[in-house]
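Spelled out from the first residue to the last, the chains are:
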Amino acid sequence: MQIRCTNCHRPFAIGKDTVHAALDAIHAENLNHYNVQCPHCRRVNRLSPMELKRAAPDWQPEQDSADNPEE
Ligand SMILES: [Zn+2]
């Protein structure tokens, strides 16, 4: 996904793997944003889960118990 740095206003891209890793971390740790570092100025940019989900609509949260025979 394309991000515009809030500090230097230059665009940079993060890969889908990173987007998925960010969503996993947000889901696992119950975060309300994820920090990515701008490659130009090295300042941290906050990404909201909404922006990340828009970039990775096929992402699904990991299920703890996919198959529970007790049910
Ligand atoms: Zn920057």
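As a reminder, the structure under discussion sits directly above these lines.
It should be emphasised that the depicted structure is a prediction, and the values quoted were computed from it without experimental measurement.

Calculation rules
Residues numbered from 1 in each chain as written. Predicted model: local features only at pLDDT ≥ 70, side-chain atom pairs only at ≥ 80, totals over all residues. Core = buried A, V, L, I, M, F, W, Y, C linked by C-beta atoms within 7 Å. Buried ≥ 20, exposed ≤ 12 C-beta atoms within 10 Å, placed from the backbone. Helix = DSSP H or I, 4+ residues; strand = E, 2+ residues; numbered from the N terminus. Contact = placed C-beta atoms within 7 Å.

## Description of the nonpolar core
In step 1: Counting residues in each nonpolar core, the largest one holds seven residues, listed as Ile 14, Val 19, Ala 22, Leu 23, Tyr 34, Leu 47 and Leu 52.
In step 2: Ranked by residues supplied to this core, first place goes to helix α1 (residues 16-29) with three residues.
In step 3: Those residues in contact with Ala 22 that lie beyond four places of it in its chain are Tyr 34, Leu 47 and Leu 52.

## Some details on unusual backbone geometry
In step 1: Not every positive phi belongs to a glycine, and His 9 is a case in point at roughly 65°.
In step 2: Relative to the helices and strands, His 9 is located in the loop between β1 (2-4) and β2 (11-13).
In step 3: Among the residues examined, His 9 registers 10 C-beta atoms within 10 Å and is labelled exposed.
In step 4: Here the phi dihedral of Arg 42 falls at roughly 65°; this positive angle occurs in a residue that is not glycine.
In step 5: Summarising the element assignment, Arg 42 is placed in the loop between β3 (34-37) and β4 (44-47).
In step 6: For Arg 42, a count of 10 C-beta atoms within 10 Å translates into the label exposed.

Without other data, these values stay purely geometric and don't point to any function.
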